[in-house]
Every structure is written in structure tokens, then in C-alpha cells.
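Residue-level structure breakdown
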Amino acid sequence: MGDAGAVTTNDAQLAEVIRQLRNYGSAQKYHNTYLGVNSRLDELQAAFLRIKLPQLDRDNALRRAIAARYTTEINNPNIQLPIYTGQADQVFHLYVIRTAQRDKLQAYLAQHEIQTLIHYPIPPHQQNALAAWNAQSFPITEAIHREVLSLPISPVMTAEQVDRVIAVLNAYN
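Along every chain, residues carry numbers that run from 1 in the direction the sequence is written. Local features in a predicted model are, by the rule used here, given only for residues with pLDDT of at least 70; side-chain atom pairs are given and counted only at 80 or more, and totals for whole chains, interfaces and linings are based on all residues. Heavy atoms throughout the structure, all of them, feed into the side-chain values; hydrogens and water do not.

1. Structural notes on the environment of Ala68
- Numbering goes from the N terminus for both helices and strands, where a helix is a DSSP run of H or I of at least four residues and a strand is a run of E of at least two. When you line up the elements, Ala68 lands in helix 3 (residues 56–73).
- Along the chain, Ala68 and Arg102 lie 34 residues apart, while their C-alpha atoms are 22 Å from each other.

In C-alpha cells:
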């Protein structure tokens, strides 16, 4: 189901390209072969969003509160925190830190049952969808993509869960 209609074909190769185009141009997460879109809001998702919309301001405030705690309470020289000055327009869909030891830190957090994700591990200029840029070098972008790690942040997190994330990160060396 989707919001853009349907495509039918008996050409398997064309069908695969179309599937990728509707999913950010990707057959594999974060590996973009084409310049694609995200076009998957069906009626069921719209119904869920309609129910959740009245809670959006509350949920955003909870995310900001967790981000504020992370920003003020995580104190580890191996971890670079995002700059957050308390502005109301930042809702922290993600709370992304940087560390030169990303894989080691991610494994450490997993051992402590703290889930993290690496969002967008491949720089845009190295994606197949932007092949014309593949030979270019963007050292800062490449460093960022090697170092970023998204911490858990959700309006359903309890204060105790946030405490635990902070304590485990502060104990990391």
C-alpha cells in the first residue's frame, strides 16, 4: 500500500528499480543506488498519526527533556555531544553523538543492553546514486559518518532508563 498508486510490469528488472525508487532509491538500508523518495504513507499509518497528533507537543517536550539531560549529564572525554542550547524548534528525533571509537562504544553499550543505531553510515557523495561525486573527497563529512552513533531517545523512556544510559556512557573508557 502507498499513496502514489500502483505500477504493474512483467519486467523483473524494472520492478526492482521501481521498488528501490519508492524506498529512498535503496534496496539495502543506507545504500542508495538511485535518487529516490519515501512514499509509503497509507491509510493505516495516517489513522495512527491522527491519534498521535494531539500528543505531539508533549512528546516533543519529553524528547527535549531527555536531550537536555544527556547534554548536561553525559561527561566523557571520548564522546562529543551535539550542541543544544535549549531551543524549542529542536525536537530530537535522534540524539547523535560522535566518537572516534564508535564501533567499540556501540559494542560496549550493547553489552549493557543499550540499543544504538548508526544512521546514515555512508556519506552522500559515496552513494551509487551520486556516482558523479564518488571520486570526490570530503574529509569532514567522511569523519562524521565514521563517528556518529544515535543514542536511545523516546518519549516513552523512563527517568531510570535515561539515568542508566548516562551512567553507562560516563563509565565508558
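Structure shown, so let's carry the discussion forward.
2. So, the packing of aromatic side chains
- Stacked, tilted and edge-to-face pairs are distinguished by plane angle, under 30 degrees for stacked and over 60 for edge-to-face with tilted covering the rest, among Phe, Tyr and Trp rings (Trp via its six-membered ring) whose centres lie within 6.5 Å. Following the criterion strictly, the structure yields six aromatic pairs and no others.
- Note on Tyr30 and Tyr120: the rings are 5.2 Å apart at their centroids and 70° apart in plane angle, and the pair reads as edge-to-face. A residue pair is termed long-range when its members are at least 10 positions apart, and Tyr30 in the loop between strand 1 (26–28) and strand 2 (31–32) and Tyr120 in the loop between helix 4 (102–111) and helix 5 (139–147) qualify at 90 residues.
- By relative accessible area, which is 53% here, Tyr120 ends up exposed.
- Relative to Phe138, the ring of Trp133 has its centre 6.2 Å away and its plane inclined at 40°; by these criteria the two rings are tilted.
- Only protein chains enter the calculation, and the probe is 1.4 Å; a residue is then buried if its accessible area is under 20% of its type maximum, exposed if over 50%, and partly exposed in between. Look at Trp133 and you get partly exposed, because its relative accessible area is 46%.
- Each residue in the set Tyr70, Tyr84, Phe92 and Tyr95 is aromatic and connected to the rest through ring pairs, giving one cluster.

3. Re the pattern of salt bridges
- Salt bridge, as used here, is a side-chain nitrogen of Lys or Arg placed within 4 Å of a carboxyl oxygen of Asp or Glu. By the definition in use, this model includes six salt bridges.
- With its nearest N and O atoms 3.7 Å apart, the salt bridge here joins Glu16 to Arg19. Separated by three residues within a single helix, Glu16 and Arg19 lie in helix 1 (residues 12–21), roughly one turn from each other.
- Note on Glu16: relative accessible area 29%, which makes it partly exposed.
- The exposure class of Arg19 is partly exposed, given its relative accessible area of 41%.

4. Quick notes on helix 4
- Along helix 4, the positions that sit buried rather than exposed are Arg102, Leu105, Tyr108 and Leu109. The buried residues of helix 4 occupy one face: seen down the axis, they fall within an arc of 130°. Among the exposed residues of helix 4, those oriented more than 90 degrees off its buried face are Asp103 and Gln111.
- Contact definition: two residues touch when any of their heavy atoms are within 4.5 Å. The inward-facing, buried residues of helix 4 contact strand 3 (95–98), helix 5, strand 4 (148–151) and helix 6 (159–171).
- Positive phi shows up at Glu113, right after helix 4, with a value of about 60°. Relevant arc is that of directions from the helix axis to the C-beta atoms, nothing else.

Treat this as a map of the structure, not an account of what it does.
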